Amino acid sequence: MRNAAAHKGSFKWNSHLLAASSLAFIIVLYFFSTQAPGMIVNNPKLQLFKMMFISIIIEAMPFILIGVVISALLEVFVSEQTIKRMIPSNPILGIITASILGIIFPICECGMVPAIRRLIQKGMPLYVATTFIVVGPILNPIVFWSTFTAFRNKPEIVYSRMGLAFLIALILGLIVYRFVKTDQLRVREAAQQPLQHKHSHHHDHHHDHEHEHASEHRPRSNKLVEVMSHSISEFFEMGKFLIFGALLVGLLQTFISKDSLVALGQGQGSANLLMMGLGFILSLCSTSDAFVAQSFITTFSKGSLVAFMVLGPMLNLKGILMMLAVFKTRYVVLYSSLVIVLVYAGTLILDKFLLH
């Protein structure tokens, strides 16, 4: 079973590598077919593309490295039961606690949905889990640091991103608490597996104690290997999305004039919608999307940049596919609709009163 899973993961990675190589090859062929080979190196558009692509990669890479290492440490050394015990039963306190947990534990949205599924199966309320999905990838020190680095001369954008994310998490958590009463997970096989081992009530506590005892006394070398394995896996998982996003941004900035982008973003609120769409499609990691947004600082309004950085981590193409595999479709539609409406309305208010 493990070899089959490893083979499947290897096949998936090879398919991504093949797709990226094919795209790069097509781009190279395009340049060679339209210009003389000697002119390609000195082409101004190629120089601009290289500058944009490399600058985004170099600026974002340190934050991704820090994020994957911390996420791996949390995965190996912090149990889900420990996090569950930190959630109070009061809904308001539960939502606030989930927000605080998002600040303490910098978990990228790439690994958020699988972790949340395990937490729900272990008893975490859905409204608390929803809050954590929304706030976890944004309200944490690494994302704050990367956003502040990208917008060091415009701190109001940084605080607007963090404040709007917290407010949306609070509203969304309360709506889910009030209106969603049924189980929204598609399957619960993992939650039912422990029942197979419970032959009698007398063995329950003994079994749990043995499991915790074995976990606590797992060899340290094995834990370090797990940390390295999780870090490497998550780095490559997030890295390919970063590279693809940087490639798209470089192409947009090189071959689409800023006048065209400005024309698309003209009109009240249209720039916010455009940047929200970009955030959804690019599916960038929250630790690096600020550098992409910063490249549009002279093209779009501040509110639209905040819309890009808030909606992207909460709702993106790769994340929505993962959510549909874990949650029922009705819940995913409700979640997506609320996020879109709240981000759009919130950034319009920010544009009018705080970021004008």
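Along each chain, numbering runs from 1 in the same order as the chain's sequence is written. Restriction of local features to residues with pLDDT of at least 70 applies here, the model being predicted, together with a cutoff of 80 or more for giving and counting side-chain atom pairs; totals for whole chains, interfaces and linings are based on all residues. The side-chain quantities take in all heavy atoms of the structure and omit both hydrogens and water.

**Details of the overall build of the chain**
Looking only at helices and strands, the chain has 18 helices and zero strands in total. To sort residues, take the accessible area from a 1.4 Å probe on protein chains only and compare it with the maximum for the residue type: under 20% means buried, over 50% means exposed, and anything in between is partly exposed. The buried share of the chain, taken over its 356 residues, is 43%. Partitioning the intrachain contacts of the chain with sequence separation of at least 6 by distance along the chain shows that 83% fall at a separation of at least 24. Surface summary for the chain: the accessible area is close to 19200 Å², and the carbon and sulfur share equals 68%. The secondary structure listing takes helices from DSSP runs of H or I that are at least 4 residues long and strands from runs of E that are at least 2 residues long, numbered from the N terminus. Any two residues having at least one pair of non-hydrogen atoms within 4.5 Å are treated as being in contact. Residue burial considers only the protein chains on display, and all accessible areas are found by Shrake-Rupley using a 1.4 Å probe.

**Examining the packing of aromatic side chains**
Put simply, two rings from Phe, Tyr or Trp (the six-membered ring, in Trp's case) pair if the centres are within 6.5 Å, and we call them stacked under 30 degrees between planes, edge-to-face over 60, tilted for the rest. Throughout the structure, instances matching the rule amount to seven aromatic pairs. When the ring of Phe144 is compared with that of Phe148, the centres are 6.2 Å apart and the planes differ by 15 degrees; the resulting orientation is stacked. With Phe144 and Phe148 both in helix α8 (residues 141–150) and four residues apart, the pair spans about one turn of that helix. Look at Phe148 and you get partly exposed, because its relative accessible area is 34%. Judged by centre distance (5.8 Å) and plane angle (50 degrees), the ring pair of Phe296 and Phe300 falls under tilted. With respect to class, Phe296 is no different from Phe300; both count as buried. Here the aromatic cluster, defined as three or more aromatic residues joined through ring pairs, consists of Phe144, Phe148 and Tyr159. Across from the ring centre of Phe179, 5.2 Å away, lies the NZ or CZ of Arg178, which sits over that ring. Sitting over a ring, as applied to charges here, requires NZ of Lys or CZ of Arg to be within 6 Å of the ring centre and within 35 degrees of the ring normal.

**Here we look at the confidence of the model for the chain**
Caution applies to low-pLDDT regions: their predicted coordinates should not be interpreted in detail. pLDDT gives the predictor's per-residue confidence on a scale running from 0 to 100. With 72% of its residues at a pLDDT of 70 or more, the chain has an overall mean of 77. Mean pLDDT across the elements of the chain bottoms out in helix α10 (residues 189–192) (42) and peaks in helix α18 (residues 329–353) (95). Counting contacts from residues 189–216, a segment whose pLDDT is below 50, to residues more than four positions away or on other chains yields six contacts.

**Details of the environment of Val249**
In this fold, Val249 is placed in helix α12 (residues 220–255). Once the C-alpha coordinates of Val249 and Phe53 are considered, the two residues, 196 residues apart in sequence, prove to be 7.5 Å apart. Ignoring sequence-local partners within four residues, the contact set of Val249 consists of Met52, Ile56, Leu282, Val292 and Ser295.

**Digging into the packing of helix α14 (residues 270–282) against helix α16 (residues 302–314)**
When two helices pack together, you describe them by how their axes are tilted relative to each other and by the distance separating the axes. Angles run from 0 to 180 degrees between N-to-C directions of axes, and those axes are lines fitted to C-alpha atoms, restricted for helices to the stretch in contact. Contact pair α14 / α16: the axes reach a minimum separation of 8 Å and the direction vectors enclose 30 degrees. Between α14 and α16, the interaxial angle falls into the category roughly parallel. Between α14 and α16 lies a crossing of right-handed hand. On α16, the residues touching Ala271, Asn272, Met275, Met276, Leu278, Gly279, Phe280 and Leu282 of α14 are Gly303, Ser304, Leu305, Ala307, Phe308, Leu311 and Gly312. In this count, Pro and Cys sit with the nonpolar residues alongside Ala, Val, Leu, Ile, Met, Phe, Trp and Tyr, while Asp, Glu, Lys and Arg are called charged and the others, Gly among them, polar. Each residue belonging to the contact of α14 with α16 can be placed in one class, and the counts come to 10 nonpolar, five polar and no charged. In this scheme, roughly parallel covers angles under 35 degrees and roughly antiparallel covers those over 145, while 65 to 115 is roughly perpendicular and the rest are oblique. When the near helix sits turned anticlockwise from the far one by under a right angle, the crossing is termed left-handed; a clockwise turn instead gives a right-handed crossing.

**Details of the packing of helix α5 (residues 91–104) against helix α7 (residues 126–135)**
In contact at an axis separation of 8 Å, α5 and α7 are set at 30 degrees when each is read in the N-to-C sense. Classified by the angle between their axes, α5 and α7 sit roughly parallel to one another. Crossing handedness for the pair α5 and α7: right-handed. Counting all contacts with α5, which are made through Pro91, Gly94, Ile95, Ala98, Ser99, Leu101 and Gly102, the residues of α7 involved are Tyr127, Val128, Thr131, Phe132 and Val135.

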